[in-house]
Amino acid sequence: MLFLSFLISGFWWPMFQHDVWHSAIQEGRGEFTQLSDMEISWLIYSPGLDLRGAPVTEDVNGDSRTEVVFTKGDTLCVVRGSDGTFLWKKYLYGNMKWTTPVIGDMDGDSEVEIFVTTDNGDAFLLKGTDGTEEWNVPIYGEAKYNSAVFGDVDGDGIPRIFIGTKGGKFYCFKGNTGEILWEHTFSGDYVNSSPALADVDKDGREEVIVHTFYGKVICFDAVTGNEKWNFSFTEYYGFSSPSLGDVDDDGLLEIAVASDGGALYLLGSDGTLKWSFVPGVYIDMTPIIVDIEGDGEKEVIVGTSWGDEKVYCLKGTTGEIEWSVDYSGYNPGKPSSSVADINGDGKLEVIVAAEVSGFQGGIISVIDCNGNELWRYENPPYLAVNWSFKGPTISDVNDDGVLDILWTSGLYPGWDHDGYLIALLSPSIPWIKAEVYICPRTLNLHSRGKWVMAFIELPSPYKPEDIDISTLTLRGPLGEVTPGEITELRDHDRDGIPELMAKFVRDEVKDIVEPGWNTLVVEGLLVDGTSFMGTDTIRVIDIPRRERRRMVKIEPNPFTNGDLRIEIESGEELSKDMMIRIYDLSGRVVKWIPVNWSNNVYFWDGRDAQGREIKPGVYFIEIGGDVYRVIKL
């Protein structure tokens, strides 16, 4: 089972460090081209209540606009991203000032929920529309510095939620009920960081990676809770959360984690130490694994604290220093950083938050991919990022197609802290939003097909004929490509609105994507010079093709009510880890059917994982990396 447990559409930032890998990497681009562009667009003042959890973003209420979710004392707040207007607040009887909420469909009902914990030892799941409580479960100990991750780890259509506590517990909740499916008790230890979630060793089962306060990294089977391995530090006190990435391109994920004891470690998927970096000062920042230079090789970005005060770029395979930026007088080792193309130059930048001594201010700094500081934004009343452990949130909060910067802060005039939520909105560029659909929905890096197709639909009054096809590009996380062929107009979704179908050479597209969920951007110009852009998210897998392609019969197609028969003909024994996955047009998995290696005929009754009848439309069935299109009438 080779997939990530998250699907992030648009340019949202729905959890701590963006996703369940803690990548802290945002797709898209900003338009902050110079320091003068960094102006506060709106802020929320919180007298007497400092804000130390990171703000998160998504369309939580289904209005097709981005909202910002943050914690303020004992209240969960939702505001409009474009101007900071409050939409609703929820009082939850416990301090949450350190907490970063998590946003997503956590109960399998295709609607957005918000998960949050309080210092009083309660875990809440709330409806994104208005904060209505879905469930509340008591937990042992506060989850003070922690955030949760979630994912459908067993394919039953119901995500599980994972979080550790300062009370020495680690919990796995069932998303739709709050039932504790498993828990782990740490003997003489506890958790002050956020877990990461992925199939790190590519054994077909997802793992959850936990960094404990007293210097252990533990890998649990996400379904059963059984410990698979652990690694102990000689230096400890752990606030840094583990981050995941394939640094050596072997298909397995490495784990980067740092400690207050003054070291950064890179572990293999089996928990063995690959290298360590020891600056000798504490590191609370969560490391970032990213190909920052765009040369096809991964680096690890990390900041160090008082006594060193640098941001380092380390070679992913060896830990050697590639470059560093000196922040003397500031501490970039406690707040985390973020990565995005924040100035729209087509290259990634590191957006650094650093605190100043005395708890009275800080900076937001931008470093280019070669280690040159482009500028730093200093505004002391609003930039006390101290003790936050959370970095800047990078998201398109006003839905204009370009990235913005959000952060929270807390001043320290004694213990009556003041706090702020600040939004720097990127200068807007004239553009229109296109609807884009990418096919295939699952791209196997070993597939032999010729094309990847993009269907482009423009809003009225624009038409596909208005597109200047010479400007079309398809952009992925590792680069961009131009079309190999433009074909006639189509209406693939049968909504009566014609689309332009652009064909991109599949082998070229493989070079700009990476295994996991990839948000692809189609952009270009209209003949009148207006920019347009649209995004779609597909899944990329890396499964070697067998010498003989598996033959699959699916009938009847189209189908109405009753069973759809799926027959898998193979000259070899079927893998015990194989799943039949059924996706809708948005790329959401609606049904999983486990493959029994002694059987080759399966049936789908046209219902989703919760037993609800699906709507008529186009669906995709994925079997062992091959994808088949079916139509429900």
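Residues numbered from 1 in each chain as written. Predicted model: local features only at pLDDT ≥ 70, side-chain atom pairs only at ≥ 80, totals over all residues. Heavy atoms only, no water.

(A) Up close: the environment of Val-527. With respect to the element layout, Val-527 can be found in the loop between β43 (516-526) and β44 (531-541). Note on Val-527: relative accessible area 61%, which makes it exposed. Here the alpha-carbon distance between Val-527 and Ser-470, two residues 57 residues apart in the chain, equals 9.9 Å. Here Val-527 is in contact with Asp-466, Ile-467 and Asp-468, once residues within four sequence places are set aside. (Helix = DSSP H or I, 4+ residues; strand = E, 2+ residues; numbered from the N terminus. Buried < 20%, exposed > 50% of the residue type's maximum accessible area, 1.4 Å probe, protein only. Contact = heavy atoms within 4.5 Å.)

(B) Spatial organisation of the sheet that holds strand β23 (residues 288-290). In space, the four strands of this open sheet follow the order β23-β24-β25-β26, with antiparallel pairing throughout. Among the strands making up the open sheet, the edge pair consists of β23 and β26 (321-326). Across the sheet, the mean angle from the axis of one strand to that of its neighbour is 20°, orientation sign disregarded. (Pairing = 2+ DSSP bridges. Axes fitted to C-alpha atoms, helices over the stretch in contact; angles between N-to-C directions.)

(C) The arrangement of the pairing of strand β10 (residues 133-138) in detail. Pairing analysis gives five bridges linking strand β9 (residues 122-127) to β10, with the strands arranged antiparallel. Bridge assignment links Ala-123 to a residue of β10, and that residue is Val-137. From the end of β9 to the start of β10, which pair antiparallel, there are five residues, and Gly-131 there has a positive phi angle of about 85°.

(D) Seen up close, the pairing of strand β22 (residues 273-277). Pairing of strand β21 (residues 263-267) with β22 involves four bridges; the strand directions are antiparallel. When the sheet's bridge partners are listed, Leu-266 is paired in β22 with Trp-275. Remark: five residues form the turn of the hairpin made by β21 and β22, two consecutive strands paired antiparallel; Gly-271 in that turn has positive phi of roughly 90°.

(E) How the structure looks around the state of the cysteines. Counted under the stated rule, the structure contains zero disulfides. Between Cys-313, a free cysteine, and Cys-369, which holds the nearest cysteine sulfur, the sulfur-to-sulfur gap is 9.3 Å. Residue Cys-313 is classed as buried on the basis of its relative accessible area of 0%. (Disulfide = S-S within 2.5 Å.)

(F) Geometry of the confidence of the model for the protein. For the protein, the mean per-residue pLDDT works out to 84, and 89% of the residues sit at or above 70. The low-confidence segment residues 1-9 (pLDDT under 50) makes 41 contacts with residues lying over four places distant or belonging to another chain. (pLDDT = per-residue confidence, 0-100.)

(G) Region of the structure containing the side chain of Ser-193. With respect to the element layout, Ser-193 can be found in the loop between β14 (180-185) and β15 (196-198). Polar contacts involving the side chain of Ser-193 include one to the main-chain carbonyl oxygen of His-211, which spans 2.9 Å. Not counting residues up to four positions away in its chain, the partners in contact with Ser-193 are Asn-146, His-211, Phe-239, Ser-240 and Ser-241. (Polar contact = N/O pair within 3.5 Å; in protein donor to acceptor, adjacent residues only side chain to side chain.)

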